[in-house]
Amino acid sequence: MKKIILASASPRRRELLKQAGFSFEVMESDAEEVTDKTAPDEVVKELSSIKAKSVLGLVQGDALVIGADTIVALDGRILGKPKDRADAAKMLSGLSGRTHQVYTGVSLFFRTGETVESKSFCEETDVAMYPIEPAEIEWYLNSGEPFDKAGAYGIQGKAAVFVKSIRGDYNNVVGLPLARVYQEIKAWIKDEGESMR
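Just so we're clear, the structure is a prediction, and the values are computed from it rather than from any experiment.

Details of the pairing of strand β3 (residues 63–74)
And step 1. Of all twelve residues that make up β3, twelve are buried, and the element is covered over most of its length.
And step 2. Residue alternation in β3 divides its side chains into two sets, Ala63, Val65, Gly67, Asp69, Ile71 and Ala73 and Leu64, Ile66, Ala68, Thr70, Val72 and Leu74, and both sets are buried.
And step 3. Pairing of strand β1 (residues 3–6) with β3 involves four bridges; the strand directions are parallel. Following the sheet pairing, isoleucine 5 is matched in β3 by valine 65.
And step 4. The antiparallel pairing of β3 with strand β4 (residues 77–79) creates a hairpin that spans two residues between the two strands, and aspartate 75 there sits at a positive phi of about 55°.

Quick notes on unusual backbone geometry
And step 1. Despite not being glycine, aspartate 75 shows a phi value in the positive range, around 55°.
And step 2. Within the element layout of this structure, aspartate 75 appears in the loop between β3 and β4.
And step 3. The class for aspartate 75 is exposed, based on a relative accessible area of 61%.
And step 4. Look at alanine 152: it is not a glycine, yet its phi comes out positive at around 65°.

Side note on the nonpolar core
It is characteristic of soluble globular proteins that their nonpolar side chains tend to be buried jointly.
And step 1. Counting residues in each nonpolar core, the largest one holds 44 residues, and the members touching the most others are Leu17, Ile66, Val106, Leu108, Tyr153, Leu176 and Ile185.
And step 2. Setting aside its immediate chain neighbours within four residues, isoleucine 66 contacts Ile4, Ile5, Leu6, Ala7, Leu17, Val106, Ser107, Leu108 and Ile185.
And step 3. Grouped together as the second largest cluster of nonpolar side chains are nine residues, Ile5, Ala52, Leu56 and Phe109 included.

Considerations on the UniProt feature "site: Important for substrate specificity" (unreviewed entry) in the protein
And step 1. As annotated in UniProt, the feature "site: Important for substrate specificity" (unreviewed entry) corresponds to Arg12, Thr70 and Gln156 in the numbering used here. A stretch of 145 residues holds the annotated residues, and the largest C-alpha distance among them is 14.4 Å, short enough that they meet in one place.
And step 2. Inspection of the secondary structure assignment puts threonine 70 in strand β3.
And step 3. The exposure class assigned to threonine 70 is buried, which follows from its relative accessible area of 17%.
And step 4. In this structure, threonine 70 is in contact with Arg13, Val44, Val102, Tyr103, Thr104, Ala150, Asn172 and Gly175, ignoring residues within four places of it in sequence.
And step 5. Looking at threonine 70, its side chain comes within polar contact range of the side chain of arginine 13, at 3.0 Å.
And step 6. Position of glutamine 156 among the secondary structure elements: in the loop between α4 (134–143) and β7 (163–167).
And step 7. The contact partners of glutamine 156, leaving out residues within four places of it in the chain, are Arg12, Lys149, Tyr170 and Val174.

Structural notes on helix α2 (residues 40–56)
Note on helix geometry: an α-helix contains 3.6 residues per turn, so any two residues three or four positions apart are oriented the same way.
And step 1. Under the 1.5 Å per step criterion, the end-to-end length of α2 is 24 Å for 17 residues, consistent within 8% with the ideal 24 Å.
And step 2. When α2 is considered as a whole, its buried residues turn out to be Pro40, Val43, Val44, Leu47, Ser48, Lys51, Ala52, Ser54, Val55 and Leu56.
And step 3. Where the residues of α2 are buried, they touch β1, α1 (11–19), β3, β4, β5 (99–112) and β6 (115–129).

Remarks on the packing of aromatic side chains
Aromatic ring pairs are defined here through the distance separating the ring centres and the angle between the ring planes.
And step 1. Scanning the model with the defined rule gives five aromatic pairs in all.
And step 2. Pairing tryptophan 139 with tyrosine 140 gives two aromatic rings, centres 6.3 Å apart and planes at 40°, and the pair type is tilted.
And step 3. Take tryptophan 139: its relative accessible area is 42%, and that puts it in the partly exposed class.
And step 4. You can call tyrosine 140 buried: its relative accessible area is 0%.
And step 5. Relative to phenylalanine 162, the ring of tyrosine 140 lies with its centre 5.8 Å away and its plane at 90°, an arrangement referred to as edge-to-face. With tyrosine 140 in helix α4 and phenylalanine 162 in the loop between α4 and β7, the pair connects residues that are 22 residues apart, well separated along the chain.

Focus on the environment of threonine 35
And step 1. The residue threonine 35 is located in the loop between β2 (25–26) and α2 in this model.
And step 2. With a relative accessible area of 25%, threonine 35 lands in the partly exposed category.
And step 3. Sequence separation between threonine 35 and glutamate 46 is eleven residues, and the spatial gap between their C-alpha atoms is 6.9 Å.
And step 4. There is a polar contact of 3.0 Å between the side chain of threonine 35 and the backbone nitrogen of lysine 37.

Rules behind the numbers
Here the residue index of a chain counts from 1 through its sequence in written order. Residues qualify for local features only when their pLDDT is at least 70, as the model is predicted, and side-chain atom pairs are given and counted only at 80 or more; totals for whole chains, interfaces and linings, by contrast, use all residues. Side-chain descriptors were evaluated using all non-hydrogen atoms of the structure, hydrogens and water having been removed beforehand. Note on classification: 1.4 Å probe, protein chains only; a residue is buried when its accessible area is under 20% of the maximum for its type, exposed when over 50%, partly exposed between these limits. Secondary structure elements follow DSSP: runs of H or I no shorter than four residues count as helices, runs of E no shorter than two count as strands, and numbering proceeds from the N terminus. Here the rule is simple: two strands pair whenever DSSP picks up at least two bridges between them. Throughout this description, the term nonpolar core refers to a set of buried Ala, Val, Leu, Ile, Met, Phe, Trp, Tyr and Cys residues connected via side-chain atoms within 4.5 Å. Any two residues having at least one pair of non-hydrogen atoms within 4.5 Å are treated as being in contact. UniProt positions are given in the numbering used here, feature names are shortened, and annotations may be inferred rather than shown by experiment. Each polar contact in these results corresponds to two N or O atoms within 3.5 Å; when the atoms are within protein, one needs to be able to donate a hydrogen and the other to accept it, and residues that are neighboring in sequence are counted only if both atoms are side-chain atoms. For a helix, the expected span equals 1.5 Å multiplied by the number of residues minus one. Stacked, tilted and edge-to-face are the three classes assigned to paired rings of Phe, Tyr and Trp, where Trp is represented by its six-membered ring and a pair needs centres within 6.5 Å; plane angles under 30 degrees give stacked, over 60 edge-to-face, the rest tilted.

In structure tokens, the structure reads:
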């Protein structure tokens, strides 16, 4: 199996890859993440590709680079990481009692010798929230948890108490659709005559 590199500093993505038994290195992309796409699924695919391609350029030899980008969308409007406390409160108020979508784009860049292959895909998960009272929003803001997360919440943390239901891959909401990533890598290395384990 080739060297695997995760092009992300996200501790949640690291934990998920470890959970699946992958042996990998972490190398954060320093590329400027700019896109002219507006559809959520296209945005995350392009940004994940920018990250993976940037890191592949820093790596020597055969490698598989995994780039990922996650966003939250409500009524088709993208909610990124909150700018400040007021922005986080506004996002949480908007999500309260509603169903929103979480999109994670993943890009896999495979290099063998001089040949580079790539594939990008997106997973979408619907997340329904219970109504969140203003005092609960204050409590959550005071925890400090919302400020580095798309949509101002982390499903794997304290915000789990606000989540009524999900339809789709839970890990996608955390930041990486792990099963899909595994299946895509497995299909690719089979074509290469290699083994996952």
